[in-house]
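# Structural characterization, general
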Amino acid sequence: MATKLIELEDGILVEAEVPDGEAKPISTNDVKKVKSTFAQVKPILVSISRPIAEAWQEINQDMKIEQAEVEVGFNFEGEGNLYITKEKAGASFQVKLVLKPSTPKPFEVIIVNNKGEEVNRSSHEVTSFTEDLGKGIMLEMVSIPGGTFVMGSPENEVEKDNAESPQHEVTIQPFSMSKYPITQDQYQAIMGENPSNFKGGKRPVETVTWKNAQKFCQKLSQKTQKTYKLPSESQWEYACRAGTTTPFYFGDTITTDLVNYNGDYTYGDAPQGKFRGETTDVGSFPPNAFGLYDMHGNVWEWCQDIGHENYEGAPNDGSAWETGGDSKVRVIRGGYWDDEPGNCRSASRLWGDADFSNDNRGFRVVYLLDASIIDN
């Protein structure tokens, strides 16, 4: 175990014990027990690690302590304890957070050849945290590591579109993304309604406009005291690819055993498959190496970006492209249940009216850690 000590304003110290080399998830289930410790603490502005920040938010519901900043690299979930003590009169407060390692759930990632035949299977693990939306409905957020990738499709990719050019490098900061498209149960929990055509609590919510998705993010942010947004288009593609450069994160093609799309159509030398004619429960098909499900097919997913005809002038820092173009036209990614497989490629992109909805459009959310971190 390694101890990380951060000195805050007014001499406050934050001490976090973490496993060597990484910060494991924690929980603050017992935070309310220590609220009384802060009864005489004057309002202050502090910069603290994310696990502490999460605990501080819990305390903040009843106290007058200002919102804490967040440190990149920490994830929140699992088990842990928060200790808050005051020593001699005039001495600084010391907040000690003991992070207990949690055991990530392993999952298998499948790679196929151009015929859709499995050629490799490997085990992966990811870190995640969970939001409680109430009434037993949970939202699992998967931690996505930062990195640099090439966005867009190469010239020789089958069914490439000019909108996917020019290829360009984009650097992505760490963020968290919902493990699945937002489900109908999750949407109902936050919005109090379910507009979907294909009903089912575990199915992705659909028949939502971009503006509906924005309202969901706003209400989710208010409920959790975090900032949730739609992913930028570059975040979406980075997360979808999960380190791959092939047309799909499964490899050179897909089959209907791996993705929900219109199996009457094929890509590469893969065979025809099923046409289900409707959405399927999220998580019904294998994930990518980041532990994300349904990034190909099932429903198109709204992104934050304004639609542009190509990538000329696109940002390379992972931010949403919201300059130029028509702000009423927004990007969708991933393909859907009645789509041809070529439209489900990692690089495939379309856009549509932000006020338009039908039963092929859903979304997922991201939580981006604050980059203006004080990390001593």
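These notes cover the structure that comes with them. These numbers come from a predicted model, not from an experiment. (Residues numbered from 1 in each chain as written. Predicted model: local features only at pLDDT ≥ 70, side-chain atom pairs only at ≥ 80, totals over all residues. Heavy atoms only, no water.)

### Comments concerning the overall build of the chain
For clarity, the cut-off: Helix and strand definitions here come from DSSP, where helices need a minimum of 4 consecutive H or I residues and strands a minimum of 2 consecutive E residues; each element is numbered from the N-terminal end. Think of it in three bands: residues with accessible area under 20% of the maximum for their type are buried, residues over 50% are exposed, and the middle band is partly exposed, with areas taken using a 1.4 Å probe on protein chains only. What makes two residues a contact is simply this: any of their non-hydrogen atoms within 4.5 Å. For the accessible areas, the method is Shrake-Rupley and the probe is 1.4 Å, while residue cover comes only from the protein chains on display.
Looking only at helices and strands, the chain features four helices and 17 strands. Relative to its full complement of 376 residues, the chain shows a buried share of 53%. Pairs at least 24 residues apart make up 67% of the contacts formed inside the chain by residues separated by at least 6 positions. For the chain, the computed accessible surface area is about 16,500 Å², with 45% contributed by carbon and sulfur atoms.

### Some details on the pairing of strand β7 (residues 128-134)
When a strand is regular, its side chains alternate between the sheet's two faces. Here is the rule: Pairs of strands are assigned from DSSP output, requiring at least two bridges between the strands.
Pairing geometry for β7 and strand β8 (residues 137-144), over six bridges, is antiparallel. Bridge pairing in β8 links phenylalanine 129 to methionine 141.

### Some remarks on the state of the cysteines
Stated precisely, the cut-off is as follows: Any cysteine sulfur atom paired with another within 2.5 Å is treated as part of a disulfide.
For the coordinates displayed, the defined rule picks out zero disulfides. Free of any disulfide, cysteine 240 has its nearest neighbouring cysteine sulfur in cysteine 344, separated by 9.8 Å.

### Concerning the pattern of salt bridges
As a reminder, the rule being used: A pair is scored as a salt bridge if a Lys or Arg side-chain nitrogen falls within 4 Å of a carboxyl oxygen belonging to Asp or Glu.
In total, this model carries 15 salt bridges according to the counting rule given. Between arginine 345 and glutamate 157 there is a salt bridge, with the nearest N and O atoms lying 2.7 Å from each other. Of this pair, arginine 345 sits in the loop between β14 (329-333) and β15 (349-353) while glutamate 157 is found in the loop between β9 (147-151) and β10 (168-172), placing the two residues 188 residues apart along the sequence. Like glutamate 157, arginine 345 is buried.

### Details of unusual backbone geometry
Residues serine 165 and proline 166 are joined by a peptide bond in cis, for which omega reads -10 degrees. With respect to the helices, strands and loops of the structure, proline 166 is situated in the loop between β9 and β10. In the Ramachandran plot, lysine 135 falls in the positive-phi region, its phi being about 55 degrees despite a non-glycine side chain. The residue lysine 135 is located in the loop between β7 and β8 in this model.

### Some points on empty space enclosed by the protein
Formally: Grid points spaced at 1 Å over the protein atoms alone were grouped into cavities, where a 1.4 Å probe fits but cannot get out, and pockets, open sets with protein on both sides within 12 Å along at least five of seven lines, with lining residues defined by an atom within 4 Å of a point. Grid points are joined across faces, edges and corners, and a volume is the space filled by probe spheres set on the points. Side-chain classes follow a simple rule in which Ala, Val, Leu, Ile, Met, Phe, Trp, Tyr, Cys and Pro form the nonpolar group, Asp, Glu, Lys and Arg form the charged group, and the remainder, Gly included, forms the polar group.
Within the structure shown, the criterion is met by three cavities of 30 Å³ or more. Of the volumes computed, that of the largest cavity is approximately 60 Å³. Per-class residue counts for the lining of the largest cavity are five nonpolar, three polar and two charged.

### As for the packing of aromatic side chains
Rule in force here: Ring pairs are drawn from Phe, Tyr and Trp, using the six-membered ring of Trp, whenever the two centres fall within 6.5 Å, and their geometry is named by plane angle: stacked under 30 degrees, edge-to-face over 60, tilted for the rest.
Applying the stated criterion across every chain, the model contains 11 aromatic pairs. Their ring planes at 45 degrees and their centres at 5.2 Å tell us that tyrosine 180 and tyrosine 293 sit as a pair that is tilted. Taken together, the positions of tyrosine 180 in the loop between β11 (175-178) and α2 (184-191) and tyrosine 293 in the loop between α4 (233-241) and β13 (300-306) put the pair 113 residues apart, joining distant regions of the chain. Tyrosine 293 gets classed as buried once you look at its relative accessible area, which sits at 13%. On the numbers, 6.3 Å between centres and 75 degrees between planes, the contact of tyrosine 187 with phenylalanine 363 is edge-to-face. Taken as a pair, tyrosine 187 in helix α2 and phenylalanine 363 in the loop between β16 (361-362) and β17 (366-368) lie far apart in primary sequence, 176 residues in all.

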